[in-house]
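Single-letter residue listing:
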Amino acid sequence: MADRKDICELITELTEYGVRSGLVVQEDVTYTVNRLLELFGIDEYNAESEVSGTETSLDKVYNKEDSLYDELHDVLKKMLDYAVEKGLIEDSGANRDLFDTKIMGLLTPPPSVVRKRFKEIYERSPREATDFYYDFSKATDYIRTDRIRKDEKWSSDTEFGTIDITINLSKPEKDPRDIAKAGSAKKSGYPACLLCRENEGYAGHLSHPARQNHRIVPVTLCGEQYYLQYSPYVYYNEHCIIFNHDHIPMKIDSMTFAKLFDFVRQFPHYSVGSNADLPIVGGSILSHDHFQGGNYEFPMVRAEYESEFGLGDYKSVHAGRIKWPLSTIRLQGKDIDELVEASDHILTEWRAYSDREAFIYACTEENGNEIPHNTITPIVRMRGDLYEIDLVLRNNITTDEYPLGVYHPHQEYHHIKKENIGLIEVMGLAILPARLKNEMAALKEAIFEGKDLRSDELTASHADWAERWMKKYDRMDKDNIDGLIRDEIADVFSHVLENAGVYKRDEKGIAAFDRFIASL
């Protein structure tokens with residue numbers, strides 16, 4: 001049974017964390033303690049709980065040991081338990097998340113302070129500025145480091161080189177009680193979506209995450225206002241999102257290419273890309289213009305040219321198609337303007353391109369309306385002193401046989417992956433559902449115990465797949481089974497990426513790809 005002394009001690013520990021992490025300056029300690037006392041409904045503070053600790057300046061917030069974040073999460077858990085015990089919150093996942101974010105919001109400096117510090121550090125070094133901002137976002141617990149560690153990650157060799165796999169275990173599962181309450185709650189249109197700038201400091205509710213500890217950094221791209229933030233559940237190192245000041249839809253055009261190059265010009269240690277602007281082949285949020293980037297070498301970067309070609313008027317641009325499961329044209333050069341023009345030329349030609357023999361249709365008619373199908377997923381990075389852009393050809397046509405999309409994971413692979421193939425996966429990093437953790441554990445057990453794979457709902461959907469690959473191996477035991485399963489999952493993902501490729505990787509498909517290239 002926690003008492004007032006216990007919560008005062010926790011408030012002391014949390015404030016000391018704020019001081020040591022650089023979030024709280026010494027002259028703000030009393031103010032911070034009083035705000036926390038108010039939050040917990042406490043009107044007295046034990047003298048022996050007085051805050052101590054060496055102050056760290058905000059620009060030294062980064063490079064903290066994981067142990068410091070472990071201390072934070074331990075304190076927050078105890079605070080949440082206290083809040084539940086005293087009836088301050090209900091004991092559910094969403095309510096705990098709302099409350100611990102509110103707690104951390106009291107330690108988080110205001111936007112003006114963070115932006116000023118980022119700008120000052122950027123003038124010294126763009127890399128140091130993002131180092132500061134990334135670790136600041138971890139220190140405020142906006143990036144949920146304790147949950148991200150739960151993700152299962154590995155790499156496996158495939159026909160297309162090493163690809164990366166993640167089973168996403170960091171996003172908390174919805175509590176049925178929270179779902180029920182959110183369904184009956186009054187709906188709000190503010191903020192308009194999870195990316196809008198109005199999320200900064202927002203208290204949230206059961207159907208919208210709290211963001212009191214969230215700070216965004218202004219970035220100007222081609223004269224337009226954007227903002228930089230990190231994903232709270234980073235899928236890779238420094239997984240950032242760059243979103244438009246305004247809530248406007250995604251659009252791939254020449255300005256998109258120009259903005260991607262402008263971002264890499266300003267942050268040359270980052271790569272950046274955009275999801276496509278059509279359903280099925282686009283991302284999960286098409287309603288708000290945004291890009292995603294980070295400091296990570298995706299498997300796609302290591303793909304080499306398979307053939308190279310000239311691009312007519314764009315003399316300084318080196319062009320070719322690369323060996324990758326999705327049909328991709330790579331351009332390199334030093335002149336950003338010419339790279340933008342060349343990219344826009346390819347986009348314009350692809351938007352209007354049809355090839356019945358290859359089942360490529362630029363548009364179809366539905367109820368008298370013309371429905372466009374062709375678009376591009378672009379990715380920009382530096383390679384040495386060259387700018388490089390990968391233009392991934394996409395098409396979202398559906399048929400009776402493939403109602404979710406012809407160039408979408410096919411039914412035979414849905415037991416592993418059925419969701420859309422977005423930007424991150426296009427680049428060779430699989431984001432797989434959390435269900436696979438328990439399903440693969442059950443599969444492994446069933447294999448060793450000789451069980452009927454179809455008799456258990458956890459393994460039934462994987463039975464055909466498992467029975468095929470089990471025949472390939474002479475030895476399968478407890479020492480190698482995990483590695484075998486992981487490699488087979490990676491093999492499925494490589495086939496899923498091939499499904500998403502508009503041109504197949506056989507002789508006929510490559511010839512069709514070359515027909516499009518010839519049209520350029």
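What comes next concerns the included structure.

About the criteria used
Residues numbered from 1 in each chain as written. Predicted model: local features only at pLDDT ≥ 70, side-chain atom pairs only at ≥ 80, totals over all residues. Heavy atoms only, no water. Helix = DSSP H or I, 4+ residues; strand = E, 2+ residues; numbered from the N terminus. Rg over C-alpha atoms; globule rule 2.2 N^0.38 Å. Buried < 20%, exposed > 50% of the residue type's maximum accessible area, 1.4 Å probe, protein only. Axes fitted to C-alpha atoms, helices over the stretch in contact; angles between N-to-C directions. Parallel < 35°, antiparallel > 145°, perpendicular 65-115°, else oblique. Contact = heavy atoms within 4.5 Å. Nonpolar A, V, L, I, M, F, W, Y, C, P; charged D, E, K, R; others polar. Polar contact = N/O pair within 3.5 Å; in protein donor to acceptor, adjacent residues only side chain to side chain. Pairing = 2+ DSSP bridges. Phe/Tyr/Trp six-rings, centres within 6.5 Å; stacked < 30°, edge-to-face > 60°. Core = buried A, V, L, I, M, F, W, Y, C linked by side-chain atoms within 4.5 Å.

Moving on: the overall build of the protein. Of regular secondary structure, the protein possesses 15 helices and 15 strands. Since a compact globule built from 520 residues should have a radius of gyration of about 24 Å, the 25 Å found for the protein is in line with a globular shape. Projected onto its principal axes, the C-alpha positions of the protein cover 80 × 60 × 50 Å. Expressed as a percentage of its 520 residues, the buried residues of the protein come to 55%.

Negative phi values dominate among residues other than glycine, just as trans dominates among peptide bonds. Omega for the bond connecting Tyr190 with Pro191 falls within 30 degrees of zero, at -15 degrees, which places this linkage in the cis form. Looking at where Pro191 falls in the secondary structure, it is placed in the loop between helix H8 (176-184) and strand S3 (217-221).

Attention now moves to the packing of helix H5 (residues 111-124) against helix H6 (residues 126-139). Relative to each other, H5 and H6 sit at 150 degrees, their axes nearing to 6 Å. Between H5 and H6, the angle falls in the class roughly antiparallel. Listed contacts from H6 to Val114, Arg117, Phe118, Ile121, Tyr122 and Arg124 of H5 are Pro126, Glu128, Ala129, Thr130, Phe132, Tyr133 and Phe136. Among the residues making up the contact of H5 with H6, the classes are represented as nine nonpolar, one polar and three charged.

This part covers the side chain of His415. Within the secondary structure layout, His415 lies in the loop between strand S14 (386-395) and helix H11 (423-426). Here His415 falls in the buried class, since its relative accessible area comes to 9%. Looking at His415, its side chain comes within polar contact range of the side chain of His462, at 2.8 Å. Each residue touching His415, except ones within four places of it in the same chain, is listed here: Arg435, Leu436, Glu439, Ser461, His462 and Trp465.

Reading across from one edge, S3-S4-S5-S7-S6-S13-S14-S10-S9-S8 is the order of the ten strands in this open sheet, with antiparallel pairing throughout. What marks the edges here is a single partner per strand, and that holds for S3 and strand S8 (305-309). Within this sheet the neighbouring strands show an average axis-to-axis angle of 25 degrees, counted without direction.

Our focus in this paragraph is the packing of aromatic side chains. Here the distance between the centres and the angle between the planes together describe a pair of aromatic rings. By the definition in use, this model includes 26 aromatic pairs. With 5.9 Å between their ring centres and 65 degrees between their planes, Phe40 and Tyr82 make a pair best called edge-to-face. Here Phe40 is found in the loop between helix H2 (29-39) and helix H3 (66-85), whereas its partner Tyr82 is found in helix H3, with 42 residues between them in sequence. Judged by relative accessible area, which is 6%, Tyr82 ranks as buried.

Let us look at the sheet that holds strand S1 (residues 152-158). Here we have three strands laid out as an open sheet, ordered S1-S2-S15, and mixed in their pairing. Two strands lie at the open edges of the sheet, namely S1 and strand S15 (429-432), each paired on one side alone. Here the average twist between neighbouring strands, direction ignored, is 25 degrees. As paired elements, strand S2 (residues 161-167) and S15 share four bridges and run parallel to each other.

We now examine the environment of Val219. Examined against the element boundaries, Val219 turns out to sit in strand S3. Residue classification places Val219 among the buried residues on the basis of a relative accessible area of 3%. Spatially, the C-alpha atoms of Val219 and Glu152 are 33 Å apart, while their sequence positions differ by 67 residues. Contact partners of Val219, with chain neighbours within four places excluded, come to Glu224, Gln225, Tyr226, Tyr227, Leu228, Gln266 and Phe267.

On to the environment of Gly509. Inspection of the secondary structure puts Gly509 in helix H15 (residues 507-519). Look at Gly509 and you get buried, because its relative accessible area is 8%. Through-space distance from the C-alpha of Gly509 to that of Gly428 is 21 Å; in sequence the pair is 81 residues apart. Ignoring any residue separated from it by four or fewer positions in sequence, one finds Gly509 in contact with Tyr503 and Lys504.

With that settled, consider the pairing of strand S12 (residues 369-372). Strand direction decides the pairing type here: strand S11 (residues 363-366) and S12, joined by four bridges, are antiparallel. Each residue of the ladder has a partner; that of Cys363, found in S12, is Pro372.

Now for the nonpolar core. In this structure, Phe40, Leu331 and Tyr503 are the most contacted members of the largest nonpolar core, which totals 95 residues. Top contributing element to this core by residue count: H3, with nine residues.

Honestly, it's all geometry; don't read function into it.
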